[in-house]
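Topology and contacts: notes
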Number of protein chains: 2
Amino acid sequence: MVQGQTPVEGNDGLTTRQRRNRPLVIVHSGAGKGKSTAAFGLALRGWNQGWSIGVFQFVKSAKWRIGEQAALEALDRVHRETGEGGPIEWHKMGSGWSWSRKAGSEDDHAAAAREGWAEIKRRLQQQTHGLYVLDEFTYVLKWGWVDVDDVVRTLNERNGFQHVVITGRDPHPKLLEIADLATEMTKIAHPFDQGQKGQKGIEW
Amino acid sequence: MVQGQTPVEGNDGLTTRQRRNRPLVIVHSGAGKGKSTAAFGLALRGWNQGWSIGVFQFVKSAKWRIGEQAALEALDRVHRETGEGGPIEWHKMGSGWSWSRKAGSEDDHAAAAREGWAEIKRRLQQQTHGLYVLDEFTYVLKWGWVDVDDVVRTLNERNGFQHVVITGRDPHPKLLEIADLATEMTKIAHPFDQGQKGQKGIEW
């Protein structure tokens, strides 16, 4: 070590405390199961920290995730009634975003996705949440509905302490580039291979 | 199709309904993150189905998973107070299993692990839970603390409708063999690589 230099771990010049409290961009991808499930598991940790959590579900089917939605909404009620944990909001595109007054926007998935992203962008600027779950958001980028450069710039320039978790297959390379933590869920064996059907409690 | 043969999907002779309701052995392995987090996400779905859920945490550190534990215990209280969802029990080896009267068993990890497995075996025989989360249980098998053949036999012979999720790195090949669903979590990028420290809300 050069004499007189302050010892730092890593080579980014940050103190341990700064590194410990760095807001992260997290990506869960891969063809295996657990991408969204693990994101909702992270929401449990965030809830316990008292963070405000915003879930934005960019999928069409209303059936999927109803278990997680019911459980996280129950935790939101616990927070409002007892002060334990933090508030959790759950927004889904499928039935039209809850904040939107536009009727029929669910018929145009690209427009609805752009509307969802515009709202997330506003919230990131206002530092609304401590944790954002952008469920199945990779497809929105893959299909060009939302501009990946806008997403990358917005995430890089976000202020405060806001974690963002993005799930879905085939994440855009530019998204992986800015991810602080990226996990790929790979299928080893799967009951669908043997004709197994999706079942309640496991798939939704 | 041979004339007179009842059409079945897959080749196991099960009806769609039977396949839809088959209790599963699920393994989350790999060096990446999300193994346990996804298991606790599954617990949210099970809770919403009203299943009894038993979490058995085979790890030493008390710090990890406190977020999930607090959140799942809050959901258990919601169930007891309102009837919504199902009951959730959280048992951990680190501080001595809650059902155990043995003092100091936490000093002997192998004995404590065997005690945990013996209790899970009893519960599987009594069909206590709809979902068992055996967190970090792969290590218990890897280190030979619990006999893998006993585990395989017990899981194969379990009756009723009991899902079992096992997490941890390096799952025993015999465990993967009987898994209905196995997902490997692989690290793509990780902040620890850049000197990032674990932080609250993300790691626990």
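Residues numbered from 1 in each chain as written. Chains lettered and ligands numbered in written order. Predicted model: local features only at pLDDT ≥ 70, side-chain atom pairs only at ≥ 80, totals over all residues. Heavy atoms only, no water.

1. Quick notes on the packing of helix α2 (residues 35–48) of chain A against helix α3 (residues 66–82) of chain A
Residues and elements named next belong to chain A. With their axes 11 Å apart at the nearest point, α2 and α3 run at an angle of 5° to one another. In terms of their interaxial angle, α2 and α3 are classed as roughly parallel. Contact residues: α2 offers F40, A43, L44 and W47, while α3 offers E68, L72, L75, D76, V78 and H79. Among the residues making up the contact of α2 with α3, the classes are represented as seven nonpolar, one polar and two charged. (Axes fitted to C-alpha atoms, helices over the stretch in contact; angles between N-to-C directions. Helix = DSSP H or I, 4+ residues; strand = E, 2+ residues; numbered from the N terminus. Parallel < 35°, antiparallel > 145°, perpendicular 65-115°, else oblique. Contact = heavy atoms within 4.5 Å. Nonpolar A, V, L, I, M, F, W, Y, C, P; charged D, E, K, R; others polar.)

2. With respect to the interface of chain B and chain A
Taken together, the contact between chain B and chain A spans 65 residues of the former and 65 residues of the latter. Across the chain B/chain A interface, buried area totals approximately 5500 Å², and carbon plus sulfur atoms make up 56% of it. Where chain B touches chain A, the interface holds four salt bridges. A salt bridge links R77(A) to E84(B), with the shortest nitrogen-to-oxygen separation between them at 2.4 Å. For the pair chain B and chain A, the interface holds ten residue pairs in polar contact (both at pLDDT 80 or more). (Buried area = accessible area lost by both parts, 1.4 Å probe. Salt bridge = Lys/Arg side-chain N within 4 Å of Asp/Glu carboxyl O. Polar contact = N/O pair within 3.5 Å; in protein donor to acceptor, adjacent residues only side chain to side chain.)

3. Details of helix α3 (residues 66–82) of chain B
Its 17 residues place the ends of α3(B) 24 Å apart at the C-alpha level, agreeing with the 24 Å of an ideal helix rising 1.5 Å per residue. Listing the buried residues of α3(B) in full gives G67(B), E68(B), Q69(B), A70(B), A71(B), L72(B), A74(B), L75(B), D76(B) and V78(B). (Expected span 1.5 Å × (residues − 1). Buried < 20%, exposed > 50% of the residue type's maximum accessible area, 1.4 Å probe, protein only.)

4. Topic: the packing of aromatic side chains
Counting across every chain of the model gives 20 aromatic pairs over all chains. When the ring of W97(A) is compared with that of W99(A), the centres are 4.9 Å apart and the planes differ by 10°; the resulting orientation is stacked. Residue classification places W99(A) among the partly exposed positions, given a relative accessible area of 23%. Between F58(B) and F137(B) the ring centres are 4.9 Å apart and the planes differ by 55°, which places this aromatic pair in the tilted class. Separated by 79 residues along the polypeptide, F58(B) in the loop between β2 (53–57) and α3 and F137(B) in helix α5 (residues 137–142) bring together distant segments of the chain. Comparing F58(B) with F137(B), the two get one shared label, buried. (Phe/Tyr/Trp six-rings, centres within 6.5 Å; stacked < 30°, edge-to-face > 60°.)

5. As for the environment of Q126(B)
Relative to the helices and strands, Q126(B) is located in helix α4 (residues 109–126). The spacing of Q126(B) and R158(B) is 32 residues in sequence and 9.5 Å in space, taken between C-alpha atoms.

6. Considerations on the pairing of strand β1 (residues 25–29) of chain B
Counting buried positions along β1(B) yields five of five residues, so the element is predominantly enclosed. With burial as the criterion, each face of β1(B) is covered, one bearing V25(B), V27(B) and S29(B) and the other bearing I26(B) and H28(B).

7. Regarding α3(A)
Against the buried residues of α3(A) lie α2, β2 (53–57) and β3 (88–92) of chain A together with α2 (35–48) and α3 of chain B. The positive-phi residue at the C-terminal boundary of α3(A) is G83(A), with phi of around 85°.

8. Thoughts on the pattern of salt bridges
Pairing between side chains of opposite charge can happen when their charged atoms approach one another. All names here are of chain A. Tallied over the full model, the rule gives 26 salt bridges over all chains. Among the ionic pairs, E119 bridges to R122, the shortest N-O distance being 2.7 Å. One end of the pair, E119, and the other, R122, are both in helix α4 (residues 109–126), three residues apart, so they sit about a helical turn from each other. A residue is classified by how much of its surface remains accessible, and R122, at 40% relative accessible area, is partly exposed. Taken together, the shared-partner salt bridges in this structure form one network comprising E89, E119, R122 and R123.

So, to be careful, I would describe these as geometric facts and stop short of saying anything about function.
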